[in-house]
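These are the residues of each chain, in order.
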Amino acid sequence: MNEAALTLEGWYALHDFRSLNWTAWTAADDEERAVALEELHAFMQEWDTVEEAKEGSTTVYSIVGQKADFVMMFLRESLEALNQLETAFNKIAFAQYTTKSYSYVSIVELSNYAAGGSAGDGSDPMQNPHVAARLKPVLPQMKHICFYPMNKKRELADNWYMLDMEKRRELMHSHGLIGRGYAGKVKQIITGSVGFDDWEWGVTLFADDALQFKKLVYEMRFDEVSARYGEFGPFYVGNLLTLDSFEELLKL
Ligand code: VOV
């Protein structure tokens, strides 16, 4: 039997994509809009408390194109916490002016390919600050986000899951080398979603120069892991929203 990569998991992730119902927003009166904005502010301000308590991290980006208007990316300690968040959002007045576009449930994941495929030395990896920071990351407030789900193929000729550990490790090494070329330009958060959502991983990239997403994803397409085994879902790309720029976006 083939050997599964060992994985470490951190915070649970929810990418909650919403669209704005501009008809309802423009039809609302000034007071209704003010109440909606106030509740949105209060909802967003709670995120800081969670981040300060190191119980999660949150970020919000507008989405360019028609797939959605914005995404709230939540990292939290449990699926229950994520559930509570989406319900809490649905209850605020602002939610009445939005519709649900897409969502993705996953968990921050690190595999042991980069650690030479070994199971480690038996020590608690969460005691390693570098590992802990990657599993429970503070989401970067970079100017742009790019999110897409992906699978690794399970076809007869090209089946990632039938490759032995040594081969997968070798392929992932090459993947990592390409990625390292983007250090300082693109930050990646890989979330595993086998058993949680329709694809096997969520890929969330952050950059201050959006063009670097295209450069990185294109370069990786020529790498064997992506060229032979990668299957990709829809791409969502957008711009950082702060409390102020969100309000600006909603201004009539
Ligand atoms: C921004 C750069 C970047 C860097 C440095 C990087 C490095 C690494 C390393 C070292 C490792 C292995 C250890 C770990 O950390 O888990 C991974 C793991 C992974 N990656 Fe990656 N990746 C990047 C970027 C990066 C991108 C752009 C993509 C999407 C692929 C594409 O073609 O669109 C991706 C995917 C993944 C996936 C799905 C996994 C899990 C695979 C599995 O089978 O378990 N990744 N990745």
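Residues numbered from 1 in each chain as written. Predicted model: local features only at pLDDT ≥ 70, side-chain atom pairs only at ≥ 80, totals over all residues. Heavy atoms only, no water.

Asker: Give a description of the UniProt feature "active site" (unreviewed entry) in the protein chain that names residues and reports values.
Answerer: Feature annotation in UniProt assigns "active site" (unreviewed entry) to the following positions: Tyr148. The topology assignment puts Tyr148 in strand E5 (residues 144-152). A relative accessible area of 6% places Tyr148 in the buried class. Filtering out sequence-adjacent residues up to four positions away, Tyr148 remains in contact with Trp201, Gly202, Val203, Leu205, Val217, Phe232, Gly233, Pro234 and Phe235. (UniProt positions renumbered as here; feature names shortened; annotations may be inferred. Helix = DSSP H or I, 4+ residues; strand = E, 2+ residues; numbered from the N terminus. Buried < 20%, exposed > 50% of the residue type's maximum accessible area, 1.4 Å probe, protein only. Contact = heavy atoms within 4.5 Å.)

Asker: Give me the UniProt feature "binding site: Fe-coproporphyrin III" (unreviewed entry) in the protein chain: which residues, what numbers.
Answerer: UniProt marks Arg134, Tyr148, Pro149, Met150, Asn151, Lys152, His175, Gln188 and Ser226 with the feature "binding site: Fe-coproporphyrin III" (unreviewed entry), using the numbering shown here. Spatial dispersion of the annotated residues is evident: they stretch over 93 residues in sequence, and the largest pairwise C-alpha distance comes to 22.5 Å. Once you skip the residues sitting within four places of it in the chain, His175 turns out to touch Met220, Asp223 and Val225. One can find Gln188 in strand E6 (residues 186-192). Take Gln188: its relative accessible area is 40%, and that puts it in the partly exposed class. The residues contacting Gln188, other than those within four sequence positions of it, are Arg134, Thr204 and Leu205.

Asker: Provide a residue-level description of the environment of Lys91, including the pertinent values.
Answerer: In this fold, Lys91 is placed in helix H3 (residues 79-91). Put simply, Lys91 and Ser57 are 34 residues apart on the chain and 21 Å apart in space, counted from C-alpha to C-alpha.

Asker: Hey, could you go over the layout of surface pockets for me, with residue numbers and the actual values?
Answerer: Its volume calculated, the second largest pocket comes out at about 270 Å³. Lining of the second largest pocket is provided by 15 residues; of these, Met44, Trp47, Asp48, Thr58 and Gln141 occupy positions nearest its centre. At the level of secondary structure, the elements contributing two or more residues to the lining of the second largest pocket comprise helix H2 (30-52) and strand E2 (56-63). Here the lining of the second largest pocket gets five residues from one element, more than from any other, and that element is H2. Looking at the lining of the second largest pocket, its residues break down into eight nonpolar, five polar and two charged. (1 Å grid on protein atoms, 1.4 Å probe; cavity = no way out; pocket = protein on both sides within 12 Å on 5 of 7 lines; lining within 4 Å. Points joined across faces, edges and corners; volume = space filled by probe spheres on them. Nonpolar A, V, L, I, M, F, W, Y, C, P; charged D, E, K, R; others polar.)

Asker: Can you lay out H2 for me, pointing to particular residues and giving the numbers?
Answerer: Every α-helical turn comprises 3.6 residues, leaving residues that sit three or four positions apart pointing alike. Over its 23 residues, H2 extends 34 Å from the first C-alpha to the last, a length consistent with the 33 Å expected when each residue adds 1.5 Å. All buried positions along H2 are accounted for by Arg33, Ala36, Leu37, Leu40, Phe43, Met44, Trp47 and Val50. Backbone nitrogen of Glu31 and a side-chain oxygen of the N-cap are separated by 3.2 Å at the start of H2; the cap is Asp29. One or two residues past the end of H2 sits Lys54, with phi positive at roughly 55°. (Expected span 1.5 Å × (residues − 1). Polar contact = N/O pair within 3.5 Å; in protein donor to acceptor, adjacent residues only side chain to side chain.)

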